[in-house]
Structure formats: structure tokens, C-alpha cells
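Listed below, chain by chain, are the residues.
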Amino acid sequence: MFENIIGHGKLVEQLKLEVEDNLLPSTLLFYGEPYSGKLTTALELARVLTCQEKSGQWNCQCQACNLQRVLLHPETLLLGSRSFLEEISASGEVLRRNDKPFARYLFIRSVRKLTRRFDPLLWEGQEARLKKIFPQLEALEGELEKFYPGKELPEEKVWHKTLQEIISKAEEIFSFVGSENIPINQIRRVSYWTHNTSPGRNKVVILEGAEKMLEGSRNALLKTLEEPAPGCYFILIATNKGAVIPTILSRSRSYFFPERTVQETQEVLTKIFREDPGDYHGLKEYFLAWNTAPVQQLRGLAKRFLTVALGKGDGGRSLEEIMPENADKKYAALFLLELASLLQELISCDNPELKDLSLPLLETWYNKIKETQTRIELYNLNPSLGLENLFYSLRGWA
């Protein structure tokens, strides 16, 4: 049970005991920094809860576990948006170098994390909106099944081409994911689904971006959580627990996912992605390397932005010199992630340049960065305007 989770030993033990003693709450909130393993743990918990043998072992061969390993279990739903393409590209490269079962599962799951957001149940009554991507979804599923563990692959040149076609189709499908907010219609469909009981079978709803929902969706979710259906579990995932409304928090049990230790991060890179851990500072840098935004460029811009905003560098620089040029929503999210990471490093180390700055002040700046990220992602604030406001806000506090 939970054998595939690297790190978070105490948290995993807590979940094990709660499952075994039947003490697991109906609503759980997994929160913590990006790349800390929240979704991986949520998916593993869903497998454990639906295991027909009740053992929850990773190699269990019951029908439920077989479906969960390829993320096709009908009693588990995935909602919300996230960064999909970097993981799909990285997992595709792992498979390209090694076609063993672990690599096949890794790639299949990375793609299904995206395609399960288009579950017909979630879009019932709104099928016309997805008419353009139905052909891509169907074709992608047909190609993805060729990589199931146990199936013989054609010659390398052929399956490498198929692999790239799947990645390309995933990119097309991703463009239809849309807003970070989870539509109220989907919450209502989920509520109806959870109350259509399946005697003796658990249902699991994994909802990412719990802190990014708009008021209508939040209220619909809250009503569902107030009257949970028997045998149904909601796993809410958030980066910023403070942005989740109190009424939802009061109906959830929180589980904090701290950043993995250096050793645990190296283990993930080595065991899961078969990478030399010495090539990357952490998982964030590894996944950013698969993004169109160059990692070193992002880090350099973030350092200049932070240094000048805090009044510790060349105050004569113009704002245009220290901001991402024509930042779109996705680039701004990556830039803010890098800013938050840099500020965390400053908070956690004894930096002589910041000896005159109090810890509460540094934490205030960190919260400002997170607030800007929420306003851009959730309320569609113009990314460039959001970064400009953040710059002058930090400067005003310096």
C-alpha cells in the first residue's frame, strides 16, 4: 500500500492507518508546494480505496487495480486544470529510452491525467463544446493502448513515431482545457453521480486547484460536501491552503505535503525519470526544462526582478529590463513560481544581504507573490499588469 510514493513517510503512514481503521474522512485536502507529490498520492489513495482485494498492494491484479494503474477506473473522476504537457513530454522521453513496464505506466498515466478531464460524465449536456477535439481524443486513446504493459511493440522507428503523435495530440487537446476554474456544471454533475449509489463500491473524486474555484463552483461543491454520499471520497488538491474558503476547510481534513528533501528528490529523478540528479536542482527545474521557457532565463529574470524590487540592486534599471517580455498567462505562472522559490530560499537561509529585513516582512512578500498568481490564474488579471503591480507592491514594502 502506497509503495510507489517517495518521501512523506509520516503522512503515508497516517493515511494507511486511517484506511485500515476505517477512519478516513469523506473529504481530504492535500496541500503544499508544486511537485511535492500531491496528485500521485491522491491517485494511489483512490486505487487503495477501490481495490477489490482490500489489500491495496501496487501489484494487486484485481480488475479495479488494473484499471487504476492506467487511470481508467470508472469510479474515479479527475477535475481541474494543471500543467500537463511538461510531464507528458518528460515521461515520453523516459519511455523512448526504456520501454519497460514502469516507463509505459508512467507515460500512459501522464497522458490520462489530461484526457480524464474530458470524461463524458463531466461534459454531459455540453458535448458540442468538445466537438472539435473528440476525433483527437479517440485517436489518442487508440494509440495509447498500444503501449500497455505486456503488449509487444512494433519496430522502434514505428513506435517512436506513434509516441510523438500522442504527444502532439495531447498538445492540441490541452488547448481546450480552458480556465483554471472548475465549471459549476461539472460540480453539479459530480454531485449527481456521487449520489447514484454503487452498493459496496467506493467512489473517488480528485479535484485539483481547490483554491482557484469561483464563487458559484465553490458553493456547489460546499453543498455536496455538506451531504456526502456513503462510500464517496473527495480529495481536494491545493497549493495555497489559505486561499481555500473556510467553509470548505471546515469540512475537510488537511494533509500537508512539504517539499521533498534533497535525497528524496534525487530518488524521484533517479528511480522514476531515470535522470542524473546532479543535472537538476530539483523537480521544478526538471519539469521546467520540458517547457518552452528556458529555465536559466526564468531564474535570471526572477533574480533581477526580486533584487531590484527589494532595493538591493541597480535601482536605475527600467521595469522593462527586469520583467518577462510580453508575458502570457502560462509564462507568468512559471515566472511567479520561480520568484516564490527564490524568496523561500532567502527566508530559509542566513542571507547577509537581507539581515536588515524581518522574517514577517519576507513572508508578506511571499504571500504577495502567491496573491498575484491567484489573481492572474483565477480572475484573469492581465499577466504583465499583474507582474508590474507586484513589482511596485514589493518595492513599497522594501
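Residues numbered from 1 in each chain as written. Predicted model: local features only at pLDDT ≥ 70, side-chain atom pairs only at ≥ 80, totals over all residues. Heavy atoms only, no water.

Engineer: What is the right way to look at the layout of surface pockets in this model?
Structural biologist: Once rolled over the atoms, a probe with the size of a water molecule shows which space is left empty. One number sums up the size of the second largest pocket: a volume of about 700 Å³. Around the second largest pocket sit 27 residues that line it, and Glu259, His281, Gly282, Lys284 and Ser341 are the ones nearest its centre. Counting only elements with at least two residues in the lining of the second largest pocket, the list comes to helix 11 (262-272), helix 12 (283-288) and helix 14 (329-348). With eight residues, helix 14 is the single largest residue contributor to the lining of the second largest pocket. (1 Å grid on protein atoms, 1.4 Å probe; cavity = no way out; pocket = protein on both sides within 12 Å on 5 of 7 lines; lining within 4 Å. Points joined across faces, edges and corners; volume = space filled by probe spheres on them. Helix = DSSP H or I, 4+ residues; strand = E, 2+ residues; numbered from the N terminus.)

Engineer: Explain the packing of aromatic side chains to me, please; I cannot follow it from the model alone.
Structural biologist: Aromatic rings in a pair are described by how distant their centres are and how their planes are angled relative to each other. A full pass over the atoms with the stated rule returns eleven aromatic pairs. Ring centres of tyrosine 31 and phenylalanine 256 lie 5.2 Å apart, and the angle between their planes is 35 degrees; on these two criteria the pair is classed as tilted. Linking tyrosine 31 in strand 1 (residues 27-32) with phenylalanine 256 in strand 5 (residues 253-257), this pair joins segments that are 225 residues apart in sequence. Classification of phenylalanine 256 by relative accessible area gives partly exposed; the value is 45%. With 6.0 Å between their ring centres and 75 degrees between their planes, phenylalanine 147 and tryptophan 159 make a pair best called edge-to-face. Taken together, the positions of phenylalanine 147 in the loop between helix 6 (134-144) and helix 7 (156-174) and tryptophan 159 in helix 7 put the pair twelve residues apart, joining distant regions of the chain. Owing to a relative accessible area of 1%, phenylalanine 147 belongs among the buried residues under this scheme. With relative accessibility at 6%, the residue tryptophan 159 sits in the buried group. Taken together, Phe305, Phe335, Phe391 and Tyr392 form an aromatic cluster joined through their ring pairs. Between lysine 151 and the ring centre of tyrosine 148, over which it is positioned, the NZ or CZ distance is 5.9 Å. In this structure, arginine 274 packs its charged tip against the face of phenylalanine 102, placed 3.8 Å from the ring centre. (Phe/Tyr/Trp six-rings, centres within 6.5 Å; stacked < 30°, edge-to-face > 60°. Buried < 20%, exposed > 50% of the residue type's maximum accessible area, 1.4 Å probe, protein only. Lys NZ or Arg CZ within 6 Å of the ring centre and 35° of its normal.)

Engineer: Explain the sheet that holds strand 4 (residues 232-238) to me, please; I cannot follow it from the model alone.
Structural biologist: Taken together, five strands build an open sheet; the order of strands is 2-3-4-1-5 and the sheet is parallel. Lying at the two open borders of the sheet, with one neighbouring strand each, are strand 2 (76-79) and strand 5. The mean angle between the axes of side-by-side strands here comes to 15 degrees, regardless of whether they run parallel or antiparallel. With five bridges joining them, strand 1 and strand 4 adopt parallel strand pairing. Across the sheet, residue leucine 29 finds its bridge partner in strand 4, namely leucine 236. Where helix 1 (residues 9-20) meets the sheet, it contacts strand 1 and strand 5, and its direction lies at approximately 150 degrees from that of strand 5. In the packing of helix 8 (residues 184-194) onto the sheet, the strands contacted are strand 2, strand 3 (203-208) and strand 4, and the crossing angle to strand 3 comes to about 165 degrees. (Pairing = 2+ DSSP bridges. Axes fitted to C-alpha atoms, helices over the stretch in contact; angles between N-to-C directions. Contact = heavy atoms within 4.5 Å.)

Engineer: What's the story with the environment of glutamate 3 in this structure? I'm lost.
Structural biologist: Assignment of secondary structure puts glutamate 3 in the segment before helix 1. Along the backbone, glutamate 3 and glycine 56 are 53 residues apart, and their C-alpha atoms lie at a distance of 9.5 Å. With sequence-adjacent residues up to four places away left out, glutamate 3 is seen in contact with Glu44, Arg47, Gly56, Gln57 and Trp58. At 3.0 Å, the side chain of glutamate 3 and the backbone nitrogen of methionine 1 are in polar contact. (Polar contact = N/O pair within 3.5 Å; in protein donor to acceptor, adjacent residues only side chain to side chain.)

Engineer: How do you make sense of the nonpolar core when you look at a structure like this?
Structural biologist: Taken as a class, soluble globular proteins show a tendency for nonpolar side chains to be buried jointly. With 63 residues, the main nonpolar core has Ile88, Phe107, Phe118, Leu221, Leu236 and Ile248 as its most contacted residues. Those residues in contact with isoleucine 88, other than ones at most four positions away along the chain, are Phe107, Ser110, Val111, Leu114, Ile167 and Ala170. Listed in part, the 28 residues of the second largest apolar core include Leu336, Leu342, Leu362 and Leu390. (Core = buried A, V, L, I, M, F, W, Y, C linked by side-chain atoms within 4.5 Å.)

Everything listed here is a matter of coordinates, which is why it stays silent on function.
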